[in-house]
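# Remarks on the overall topology
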Amino acid sequence: MPTALITGIAGQDGSYLAELLLHAGYRIIGTVRGPASASHERIDHLRGSIELTEANLLDQHSIEKMVEKYRPGEIYNFAASHPASSQSFRDPVLTGELNGIAVLRLLEAIRAIDPTIRFCQASSAQIFGNAHESPQNENTPFFPANPYSIAKLFAHWTTVSYRHTHGLFACSSILFNHESPRRPERFVTRKITHAVARIKTGLQKFLRLENLDARRDWGYAADYVRAMWLMLQAPVADDYVLGTGETHSVRDFCRIAFDHVGLDYRQYVTEDTESHQAEASVQLIGDAGKARTMLHWRHSLTFEELVRLMVDCDLASVAQQNTNRIDTLAASRAPT
Amino acid sequence: MITGITGQDGAYLAELLVNKNYIVHGIRRRASLFNTRRIDHLYEDSHQSSAQLFLHHGDMTDTSSLMHIIQKTQPDEIYNLAAQSHVAVSFEEPEYTANSDALGTLRVLEAIRILGMEKHVRFYQASTSELYGLVQEIPQRETTPFYPRSPYAAAKLYAYWITVNYREAYNMFACNGILFNHESPTRGESFVTRKITRGLARIKFGLQNCLYLGNLNSKRDWGHARDFVEAQWRMLQQPSPEDFVIATGEQRSVREFIDAAAREMDMQIRWVGDGVKEMGFDSAGRCIVAIDPRYFRPTEVETLLGDASKARAKLGWTPKTSFAELVSEMVREDLKEAQGEELLRLYRQPAKAGTHAVASAS
């Protein structure tokens, strides 16, 4: 049975990959931050089928002990401090440690313990930052514009360099935005679908957003982790840009999401024009031609289908919470 | 303030700034051996009122030491020259290299910001032509995309971008000088140019038989460190912060450097064979240069050539020292050193026998 180690397994991508690999018959080891026994909502349904371990990615010894113990055939690195760039500005040194040097430590551990271990690094399209050309592919020069993406760029080049220098099967996947019902609510897509569900059920009246005309290349997270798995099954290690090749505005997203529940977004969404961040001069659009050709990678959902899936899941979860609340309320009022 | 003041560039820059009447604060690491040889000639007792140079113990991996020194000395200009600067060593110590070269730079920038000095401190980052690695165009300019090929280069790439980012995000006066190779008689002995001039000088005095090197075909753009630190200073005197390539625009192979250094010493080298079998013979037919594959880099940077047009136009900077003058100066100093070593050896020889006799008698 092949063994995969997934760092950051409790995140959106880690949890989708865990499901995919379980289905493919892998033994799965996952690292989480904090105690392994704590609840992690995205993977609680997998408990029993996956093994969780606590690893300190700031410590070489801790990483090597883990790799030595589980001897995985494949390592997927999702562990990172959050890409909300405001945090990367607040604690840039820690961001550099977690998103940059930790990757170097993982690669060093592979080199020391078993150089046949295959490694896939989750890079971010943010390393293109203020790119001068659009769309971006594997040959587009990088212009990272915040401490998060600078650390990610360090990790990207370190991955490439360990492949060239030490002959490791190490790949960097440059992921454009990828969403799902498991996206945290601080990301705009999930913020919208969550709000749509709450507005529909009368729990919320308005939704305040920053820039409705900002455009992004949004794909479905489950598709992206499948591409990463394909990368490690390929005959040769390489780097791939993963994106949809199309962009949509936040406004498009709102329209489709509200339409799906029979509402008109214009009656609920207000634009907060003051906190506008300057948009990059060049659009970030992922050209995944290489992944399509080399990995036969395909998207399973269109943009509209993705938005509707997210809204449906949020509707279900709001309904569930309502039921729970009513149950709790009923229980508290019940005569003792 | 200069981080890395004990290094080649730190020492030249300190001298330049002292001559311009700056008060210079230098950060040095504590080491079990003295590491201030390159700046000893500039150093006066700090109790003297004329003292311009002050040294502080600190480390790029120690945030609080950096904060403390910057706060105490309140510098107007900070030159970040400290680094684990040896490419080959970075393959053996990648984490330390990343910690000191990449995060070390960020720690200095953060210290400036946290201390509220970002509006008036000017910051210089010692970036490097190693960023170009697998070169994407020839010659390399400020706009040439990077392709780092070593842990050293990846760490310096991080430092480059974080410097750009602090300039853009906090409006700091922060510049990168992308310096191509720059050498001098005080270049570290493990860097190829110095290894060559020192090795050939020692061979000439019979102190060494053979010089072992890595890739003789690597091509580099070599200038003089004294000229290059002048460019560093000029960058911080500009009206606005920008990044600059600093280079001579001339390129030579390692083999050409050896030939030039040998000629300076009236030696002739005859090359025989190729690849790892290549050998250089002197006129007496002795093999004095040979290849040791251990010195090959795991991933080689074959060619580097810089285009410093922007620095010429905006900084009015041009290199003053020619390649021939650089080689000549390095050879002269290493011959002196080898001669000193030879004299010391001759002087010690009889004494050594005596000491030995005493030792065995006791």
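Because the structure is predicted, anything quoted here is derived from the model rather than measured.

## Describing the overall build of chain B
- Per the secondary structure count, chain B includes 10 helices and 15 strands.
- Since a compact globule built from 362 residues should have a radius of gyration of about 21 Å, the 22 Å found for chain B is in line with a globular shape.
- Oriented by its inertia axes, the alpha-carbon framework of chain B measures out at about 65 × 55 × 35 Å.
- For chain B, the proportion of its 362 residues judged to be buried stands at 45%.

## Quick look at the environment of Val196 of chain A
Residue and element names in this part refer to chain A.
- As for its placement among the helices and strands, Val196 is situated in helix α6 (residues 188-200).
- Exposure remark for Val196: the 29 C-beta atoms within 10 Å place this residue in the buried category.
- In this structure, the C-alpha to C-alpha distance between Val196 and Tyr265, residues 69 residues apart in sequence, is 8.9 Å.
- Leaving out residues up to four positions away in the same chain, Val196 has contacts with Ala257, Phe258, Val261, Val311 and Asp314.

## Notes on the sheet that holds strand β2 (residues 24-28) of chain B
Residues and elements named next belong to chain B.
- An order of β3-β2-β1-β4-β5-β6-β11 is seen for the 7 strands of this open sheet, with the pairing classed as parallel. Both edges of this open sheet fall to β3 (53-57) and β11 (244-246), since each of them pairs with a single strand only.
- Bridge count for strand β6 (residues 173-179) against β11 is 3 bridges, and the pairing is parallel. Pairing of Ile178 across the sheet is with Val245, part of β11.

## Points about the pairing of strand β4 (residues 77-80) of chain B
All names here are of chain B.
- Of the pairings in the sheet, the one linking strand β1 (residues 2-3) to β4 comprises 2 bridges and is parallel in character. Within β4, the residue paired with Ile2 across the bridge is Tyr79.
- The pairing of β4 with strand β5 (residues 122-128) spans 4 bridges and is parallel. If you follow Ile78 over to β5, its bridge partner there is Phe123.

## Description of the interface of chain B and chain A
- Tallying the contact residues gives 23 residues for chain B and 24 residues for chain A.
- Mapped onto the side of chain B that touches chain A, the elements with two or more residues apiece are α4 (94-114) and α5 (151-170) of chain B.
- Considering every element that reaches the side of chain B that touches chain A, the biggest residue donor is α4 of chain B, with 9 residues.

## Re the environment of Asn99 of chain A
Residues and elements named next belong to chain A.
- With respect to the element layout, Asn99 can be found in helix α4 (residues 92-113).
- With 18 residues separating them along the chain, Asn99 and Ser81 place their C-alpha atoms 6.5 Å apart.
- Aside from chain neighbours lying at most four places away, what touches Asn99 is Ala80, Ser81, Tyr148, Ala151, Lys152 and Ala155.

## What about the sheet that holds strand β1 (residues 3-7) of chain A?
Residue and element names in this part refer to chain A.
- In space, the 7 strands of this open sheet follow the order β3-β2-β1-β4-β5-β6-β11, with parallel pairing throughout. Edge positions in the open sheet fall to β3 (51-54) and β11 (240-242), since each of these has one partner strand only. If you compare each strand with its neighbour and ignore which way they point, the axes differ by 20 degrees on average.
- Summarising the sheet, strand β5 (residues 118-124) and strand β6 (residues 170-175) pair through 6 bridges and their orientation is parallel. Paired with Gln121 across the bridge in β6 is Ser172.
- Against the sheet, helix α1 (residues 12-23) makes contact with β1, β2 (27-32), β4 (74-77) and β5, and its axis sits at roughly 170 degrees relative to β2, the strand it touches most.

## Regarding the nonpolar core
- The biggest cluster of nonpolar side chains holds 171 residues, and the ones touching the most others in it are Phe119, Phe154 and Leu242 of chain A together with Leu157, Tyr158 and Ile246 of chain B.
- Residue contributions to this core peak at 12 residues, all from α5 of chain B.
- Taken domain by domain, the makeup of this core includes at least three residues from each of domain 1 (3-177 + 218-242) and domain 2 (188-215 + 248-282 + 301-333) of chain A.
- When sequence neighbours within four positions are dropped, the list of residues in contact with Ile246 of chain B reads Gly177, Ile178, Leu179, Phe180, Phe228, Ala231, Ala308 and Ala311 of chain B.
- With 20 residues, the next largest nonpolar core counts Ala261, Val289, Leu326 and Ala338 of chain B among its residues.

## Details of the environment of Phe78 of chain A
Residue and element names in this part refer to chain A.
- With respect to the element layout, Phe78 can be found in the loop between β4 and α3 (85-90).
- Placed 48 residues apart in sequence, Phe78 and Gln126 show a C-alpha to C-alpha distance of 15 Å.
- For Phe78, the residues in contact, after removing those within four places along its chain, are Ile6, Thr7, Gly8, Gly11, Asp13, Gly14 and Ala122.

## A look at unusual backbone geometry
- Of note, the amide linkage connecting Ser134 of chain A to Pro135 of chain A takes the cis form, showing an omega dihedral of -5 degrees.
- Here Pro135 of chain A is to be found in the loop between β5 and α5 (147-166).
- With omega at -5 degrees, the peptide bond leading from Ile138 of chain B into Pro139 of chain B counts as cis.
- With respect to the helices and strands, the residue Pro139 of chain B is situated in the loop between β5 and α5.
- One non-glycine residue, Asn171 of chain B, lies in the positive phi region at around 60 degrees.
- The residue Asn171 of chain B is located in the loop between α5 and β6 in this model.
- Backbone geometry at Asp266 of chain B places phi at a positive 60 degrees, although glycine is not the residue there.
- Mapped onto the secondary structure, Asp266 of chain B falls in the loop between α8 (254-264) and β13 (270-272).

## As for the domain arrangement of chain A
Residue and element names in this part refer to chain A.
- When the domains of chain A are assigned, the result is domain 1 (3-177 + 218-242) and domain 2 (188-215 + 248-282 + 301-333).
- Between the C-alpha centres of domain 1 and domain 2 the distance comes to 29 Å.
- Counting from both sides, the interface comprises 8 residues of domain 1 and, opposite them, 8 residues of domain 2.
- Partitioning the side of domain 1 that touches domain 2 into residue classes produces 3 nonpolar, 4 polar and 1 charged.

## Things to note about α4 of chain B
All names here are of chain B.
- Between its terminal C-alpha atoms α4 stretches 28 Å, which fits the 30 Å expected from 21 residues at 1.5 Å a residue.
- Along α4, the largest kink reaches about 35 degrees and is centred on Leu103.
- One or two steps after α4, the chain reaches Gly116, where phi turns positive at roughly 70 degrees.

## What to know about the pairing of β6 of chain B
All names here are of chain B.
- In terms of residue burial, β6 counts as a mostly covered element, since 7 of its 7 residues are buried.
- Neither face of β6 is exposed, since Phe173, Cys175, Gly177 and Leu179 on one face and Ala174, Asn176 and Ile178 on the opposite face are all buried.
- Where β5 lies against β6, 7 bridges are found, and the strand directions are parallel. Each bridged residue has a counterpart across the sheet, and for Tyr124 the counterpart in β6 is Cys175.
- Note that the unit made of β5, α5 and β6 has a crossover that is right-handed.

Calculation criteria
- Per chain, the residues get numbers from 1 upward, laid out in the order the sequence is written.
- The naming scheme follows written order: chains are lettered A onward, ligands numbered 1 onward.
- Local features in a predicted model are, by the rule used here, given only for residues with pLDDT of at least 70; side-chain atom pairs are given and counted only at 80 or more, and totals for whole chains, interfaces and linings are based on all residues.
- Under the scheme used here, helices are H or I runs from DSSP no shorter than 4 residues and strands are E runs no shorter than 2 residues, and both carry numbers assigned from the N terminus.
- A radius of gyration in this sense is built from C-alpha atoms; the matching globule rule multiplies 2.2 Å by the number of residues raised to 0.38.
- Using C-beta atoms placed from the backbone, we call a residue buried if 20 or more other C-beta atoms fall within 10 Å of its own, exposed if 12 or fewer do, and partly exposed for counts in between.
- We call two residues in contact if the C-beta atoms placed from their backbones are at most 7 Å apart.
- In this scheme, strands are said to pair when DSSP sees at least two bridges between them.
- For helices, the axis comes from a line fit to the C-alpha atoms of the stretch in contact; other axes are also lines fit to C-alpha atoms, and the angle between any two N-to-C directions lies between 0 and 180 degrees.
- A set of buried Ala, Val, Leu, Ile, Met, Phe, Trp, Tyr and Cys residues, joined to one another through C-beta atoms within 7 Å, is what we call a nonpolar core.
- Throughout the structure description, domain borders are defined by an automatic or database domain assignment.
- Nonpolar residues are Ala, Val, Leu, Ile, Met, Phe, Trp, Tyr, Cys and Pro. Charged residues are Asp, Glu, Lys and Arg, and all others, Gly as well, are polar.
- To estimate how far a helix should extend, the number of its residues minus one is multiplied by 1.5 Å.
- Fitting axes to the seven residues ending at a residue and to the seven starting there, one defines the bend at that residue as the angle between these axes.
- The path from the first strand over the helix to the second decides the hand: if it runs clockwise while the strands point away from the viewer, the crossover is right-handed.

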